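Chains, contacts and geometry: an overview
The lines below spell out each chain.
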Amino acid sequence: MPKKKVLLVLLLLPLVSALLLSLPFLVEGVWFIALIALLPLLAAEEIATRRGIKGFWVIYYLAFLIWNLLTTWWVYLATPPGAIAAFTINALQMSLVFGLFRRMRRLTGGFLPYLFLIITWLAWEHCYFNWHVSWPWLVLGNSFATSLSIIQWYEYTGVLGGSLWVLLTNALLFRIIKMKCNGERVALSALSAALVILLPIVASLLIDASLKREMQQEGASQPRAAFAIIQPNIDPYSDKFGGMSQSAQTTQLLQLSAEALDNMPTLGDSSTIVLSPETFLSPDGSRNSLLLEYAPLENSSFRRIYDFATNRGVDYIVGGVTYSIDETAAKRNTHNTAAMIFREGAIEYYHKSKLVIMAESTPFVGIFKPLEKFAIDLGGSVGSFTTQKERSIFSTSNGVKIGTAICYESVYGDFYREYILKGANVMSIITNDGWWGNTPGHRQHLHYASLRAIETRRAIARCANTGISAFIDKRGRIVAASEWWKPQYLNGSLPLEERLTFFVTNGDVIGRVALFLFWLLLIMGVVRALTRGKLSPQGKE
């Protein structure tokens, strides 16, 4: 093949992979594409290796950059600097993983380099959930977020089980293609690939059927919590942080809350939990608008919600920007907070601890500080929110132990399970997905909540300022949902669960094992290289 045609093929094949990787995130029900999405990229790498073409890393980077852009371009609408950081850094890390794989291919042959690729990618995904600059939206296991019937085994593996499935399937299928091209027998390899593809699906269908029977048998006998989810639908660009007064926003919220409670079906002796969205209460520049945790009732809007909750005898979770005093450092901290107003009058707080880059946290301040002016302004607190070290839950007087994940926190499975370890028997998520407009962003975010429900087997009440509010059962199914861009409430009840899944108890085992194997292989490789360098022909015995 002429060199120009080879170069064209080497450019087109990775671009095909970028498109295939994007489709499961953008189109519901096409999960199977993920199982073949890496084949064109692997084929391009094979051609480049055989032709001795250098500089192929640039093609890797281009492919992964396009995948990021096609799938998460909508981040730019909310935070341009955050989007640029996410696209470029994410693609860079992905391409470096493939660069290590290419290096391994030069050192050894057979299936070992592909095994190394699988281990390295999984180790990277595991670490990416905890790094300072973290954007794990495109973890490969998230490809199946709209195809829940085939991933019920996430309760054992977490989302990295899906990543392992994608990587292993692509590697095995590519091996079969290579063997076929070389005229080798492929029957045994084809059987192995078929088992890798089919066994997880069969296992998932069996688990799903068992859970469905279990839920039918439990029926009304299982303790439940009643929820009223309030979606006020206040435009975050034109109204939320300036165009509409906080007093007017609060009036709209309380009117919807009253309507929801007036139409709430009775549920035995269970009290109702009213759920309102993330950062609903935000400062407008005046001192009276600040929500001070040591004097919350001085805030007039919070006081109105407090009076509503205690007078109606309901527990009320409201999101807001709050302020606390750090006495040890003699400074005031700013938090993205979920505040629980208990029907008896007590107040507790949970502070968001996974922050959105460039909107709520500024990594590598010396580099990114000048870009803060382009980021989301949540009431004058760009890049300055303070977190808390451990998860905490709210416990009501009638036995409901509810965890409240705030927005971005619902993307982190290993982090999210900590709410259940703290005792949560039901979960809530509060968010404001209106920043992204009517794009794939708010829908992807909703579907990731279904993954958390499967991993933890905890039903979820999800409240969005605007986006999609929903009730999600422990199988990850959305049983009721609001409409996009519409003021609305949802009434319903969710079961209280006590069982701990394998994933909740043990965490991301696949990621930890992959990380251990990566370091082991890396150390072995370094030792082997150093040993080869020191041995001369005369030193051999």
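Above this text you will find the structure in question.
An account of the accompanying structure is given in this report. (Residues numbered from 1 in each chain as written. Predicted model: local features only at pLDDT ≥ 70, side-chain atom pairs only at ≥ 80, totals over all residues. Heavy atoms only, no water.)

A look at the sheet that holds strand S7 (residues 393-395)
The sheet built from six strands is open, its strands ordered S7-S8-S9-S10-S11-S12 with mixed pairing. At either end of the open sheet lies a strand with only one pairing partner, and these are S7 and strand S12 (478-481). Taken pair by pair, the neighbouring strands of this sheet meet at an average axis angle of 20 degrees, ignoring direction. Pairing of strand S9 (residues 426-431) with strand S10 (residues 460-464), which is carried by five bridges, proceeds in the parallel orientation. (Pairing = 2+ DSSP bridges. Helix = DSSP H or I, 4+ residues; strand = E, 2+ residues; numbered from the N terminus. Axes fitted to C-alpha atoms, helices over the stretch in contact; angles between N-to-C directions.)

Section: the packing of aromatic side chains
By convention here, two paired aromatic rings are described through the distance between centres and the angle between planes. For the structure on display, the rule yields 40 aromatic pairs. For Lys240, the ring lying beneath its charged end belongs to Phe241, and the centroid distance is 5.2 Å. Positioned above the aromatic ring of Phe280 is the side chain of Lys240, whose terminal nitrogen or guanidinium carbon lies 5.2 Å from the ring centre. (Phe/Tyr/Trp six-rings, centres within 6.5 Å; stacked < 30°, edge-to-face > 60°. Lys NZ or Arg CZ within 6 Å of the ring centre and 35° of its normal.)

Some thoughts on the pattern of salt bridges
Applying the stated criterion to the full structure yields 22 salt bridges. Ionic pairing is found between Glu218 and Lys474, a salt bridge with its closest N-O pair at 3.9 Å. With Glu218 in helix H9 (residues 187-218) and Lys474 in the loop between strand S11 (470-472) and S12, this pair connects stretches of sequence that are 256 residues apart. Put simply, Arg343 and Glu344 hold a salt bridge, and the shortest N to O gap is 3.7 Å. Using a relative accessible area of 26% as the deciding quantity, one classes Arg343 as partly exposed. Overlapping salt bridges bring together Glu45, Glu46, Arg50, Arg102, Arg105 and Lys178 as one network. (Salt bridge = Lys/Arg side-chain N within 4 Å of Asp/Glu carboxyl O. Buried < 20%, exposed > 50% of the residue type's maximum accessible area, 1.4 Å probe, protein only.)

Regarding helix H2 (residues 39-51)
A rise of 1.5 Å per residue sets the reference length of H2, with its 13 residues, at 18 Å; its end C-alpha atoms lie 18 Å apart and thus fit the reference within 8%. Inspection of H2 places Leu39, Pro40, Leu41, Leu42, Ala44, Glu45, Glu46 and Ala48 among the buried residues, and these make up the whole buried set. For H2, the secondary structure elements touched by its buried residues are helix H1 (3-26), helix H3 (57-72), helix H5 (80-107), helix H6 (112-128) and helix H8 (159-181). The positive-phi residue at the C-terminal boundary of H2 is Gly52, with phi of around 65 degrees. (Expected span 1.5 Å × (residues − 1). Contact = heavy atoms within 4.5 Å.)

Quick word on the packing of helix H10 (residues 246-262) against helix H11 (residues 300-312)
Where H10 meets H11, the axes come as close as 10 Å, and the angle between the chain directions of the two elements is 15 degrees. When the axes of H10 and H11 are compared, the pair comes out roughly parallel. Of the two possible hands of crossing, H10 and H11 adopt the one that is right-handed. Residues Gln246, Ser247, Thr250, Thr251, Leu253, Leu254, Ser257, Ala258, Leu261 and Asp262 of H10 touch H11, and the partners they reach there are Ser301, Arg304, Ile305, Phe308 and Arg312. Looking at the contact of H10 with H11 residue by residue, the classes come out as six nonpolar, six polar and three charged. (Parallel < 35°, antiparallel > 145°, perpendicular 65-115°, else oblique. Left-handed = near helix turned anticlockwise from the far one by under 90°. Nonpolar A, V, L, I, M, F, W, Y, C, P; charged D, E, K, R; others polar.)

Overview of the pairing of strand S2 (residues 272-275)
On a regular strand, each side chain points to the face opposite its neighbour's, so the side chains alternate between the two faces of the sheet. With burial as the criterion, each face of S2 is covered, one bearing Thr272 and Val274 and the other bearing Ile273 and Leu275. Here strand S1 (residues 224-231) runs beside S2; their pairing, made up of four bridges, is parallel. Looking across to S2, one finds that Ala226 is bridged to Thr272. Bridge analysis of S2 against strand S4 (residues 315-326) gives three bridges, and the strand direction is parallel.

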